[in-house]
Amino acid sequence: MKKKILVTGASGHLGGMLFKSLARIGYSNLLGTDLKKKNIQKKEKFILGNLKNIKDTLKMTKGVYAIVHFGAIPIEDTQQNILQNNIIGTYNLFEAARVNKVKRIIFASSNHAIGFHRRTTRLNELSTQRPDSHYGLSKAFGEDLSRFYADKFNIKSMCIRIGSCLKVPEDRRHLSTWISYDDLTQLVDIGIKHKSMHHEIVYGASKNKKSWWNNSRAYKLGYKPKDSADRFNLKSLSKNEYKDKMALLFQGGVFTSANFKGNIKYIK
Ligand SMILES: NC(=O)c1ccc[n+]([C@@H]2O[C@H](COP(=O)([O-])OP(=O)(O)OC[C@H]3O[C@@H](n4cnc5c(N)ncnc54)[C@H](O)[C@@H]3O)[C@@H](O)[C@H]2O)c1
């Protein structure tokens, strides 16, 4: 594809991975952006920018066809840091996209937008959001924001509720939540190219037997995961989940129990 694609968070783990993997599968006009320049090769196009700053987002989205939005704080943080970087940052990016007539946005959402669902509940794309943290709330906001910009301004979007994207699954929770780098790349590619997409919520998961999510919407859009956590024999709990009974009840794991002042019995 020759159209210009902007990758935010290009110096980070997943944005950086996608910046390289999209080039490998034929994207020839990629522009990376981030707060800092890290692991960017000389031949790659890159622009420094802070999503908190609307002037920066207007500059980085000029002439762009689609945005792969992976620039954000990826874990729980203070309410102010999440508000500024994830909520205002994402809002600025969408608003700049509208001004500059960007056609599509692929949004890195998260399982923490639905983290307060029980592990025994099977979710699909229509399940209610149930954020488990300020971080998860920012992802729920991003999903609503993208639906609004799709309906109101016809900017097509795909929100990928990413489970755990890492080279290999590392603990028992990942048997349900893992997605490989190649499978995430495939989903992003579908989000950029799908002909009749409007606004979509899909789960960023490989083909895991122990998944908590019915990802048939992604399959309808053409997703054919090549990887699965099933072949990994993982019995151990993560360091964090160990001794945390509450974390084991909910899909968001330790994000649910951190600073918890509620009453578990009401979270059904
Ligand atoms: N890693 C996972 O398994 C996972 C799971 C669910 C969702 N996600 C989402 O995927 C995205 C990428 O996660 P990651 O693991 O690569 O995190 P990361 O921290 O490695 O990368 C995020 C990048 O965003 C940049 N960034 C942060 N605030 C910014 C701002 N105000 N302006 C410009 N750039 C800014 C950072 O500098 C960093 O390079 C995030 O949105 C995260 O919430 C990741």
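Provided above is the structure to which this section pertains.
About the criteria used
- Residues numbered from 1 in each chain as written.
- Predicted model: local features only at pLDDT ≥ 70, side-chain atom pairs only at ≥ 80, totals over all residues.
- Heavy atoms only, no water.
- Helix = DSSP H or I, 4+ residues; strand = E, 2+ residues; numbered from the N terminus.
- Buried < 20%, exposed > 50% of the residue type's maximum accessible area, 1.4 Å probe, protein only.
- Polar contact = N/O pair within 3.5 Å; in protein donor to acceptor, adjacent residues only side chain to side chain.
- Contact = heavy atoms within 4.5 Å.
- Salt bridge = Lys/Arg side-chain N within 4 Å of Asp/Glu carboxyl O.
- Pairing = 2+ DSSP bridges.
- Core = buried A, V, L, I, M, F, W, Y, C linked by side-chain atoms within 4.5 Å.

1. Here we look at the side chain of Ser138
Then step 1. Secondary-structure assignment places Ser138 in helix α4 (residues 134-153).
Then step 2. Residue Ser138 is classed as buried on the basis of its relative accessible area of 2%.
Then step 3. Here the side chain of Ser138 touches Tyr135 through a polar contact of 2.6 Å, landing on its backbone oxygen.
Then step 4. Apart from the residues within four sequence positions on either side, Ser138 is in contact with Ile82, Asn86, Ile87 and Phe107.

2. Quick word on the pattern of salt bridges
Then step 1. Scanning the model with the defined rule gives five salt bridges in all.
Then step 2. With a closest N to O distance of 2.9 Å, Glu44 and Lys20 form a salt bridge. Of this pair, Glu44 sits in the loop between β2 (30-34) and β3 (45-48) while Lys20 sits in helix α1 (residues 13-24), placing them 24 residues apart in sequence.
Then step 3. Note on Lys20: relative accessible area 26%, which makes it partly exposed.
Then step 4. Ionic pairing is found between Arg161 and Glu143, a salt bridge with its closest N-O pair at 2.8 Å. Separated by 18 residues along the polypeptide, Arg161 in strand β6 (residues 156-162) and Glu143 in helix α4 bring together distant segments of the chain. Each member of the pair, Arg161 as well as Glu143, carries the same accessibility label: buried.

3. Topic: the pairing of β6
Within a regular beta strand, the side chains point alternately toward one face of the sheet and then the other, so they alternate between its two faces.
Then step 1. The buried fraction of β6 is high, at six of seven residues.
Then step 2. Pairing geometry for strand β5 (residues 104-110) and β6, over seven bridges, is parallel. What sits directly across from Ser110, in β6, is Ile162.
Then step 3. Pairing analysis gives six bridges linking β6 to strand β9 (residues 199-204), with the strands arranged parallel.

4. So, the nonpolar core
One recurring pattern in soluble globular proteins: nonpolar side chains tend to sit buried together.
Then step 1. Ranked by internal contacts, the top residues of the largest apolar core, which has 33 residues, are Val68, Phe70, Ile160, Ile162, Leu184, Val188 and Ile192.
Then step 2. Elements with a minimum of two residues in this core: β1 (5-8), α1, β4 (66-69), β5, β6 and α6 (181-193).
Then step 3. With residues up to four places along the chain from it excluded, the contact list for Ile162 reads Leu14, Phe70, Ala108, Ser109, Ser110, Asn111, Ile179, Leu184 and Gly204.
Then step 4. Core analysis: the next-biggest nonpolar cluster, separate from the first, contains 15 residues, Leu31, Leu51, Leu93 and Leu145 among them.

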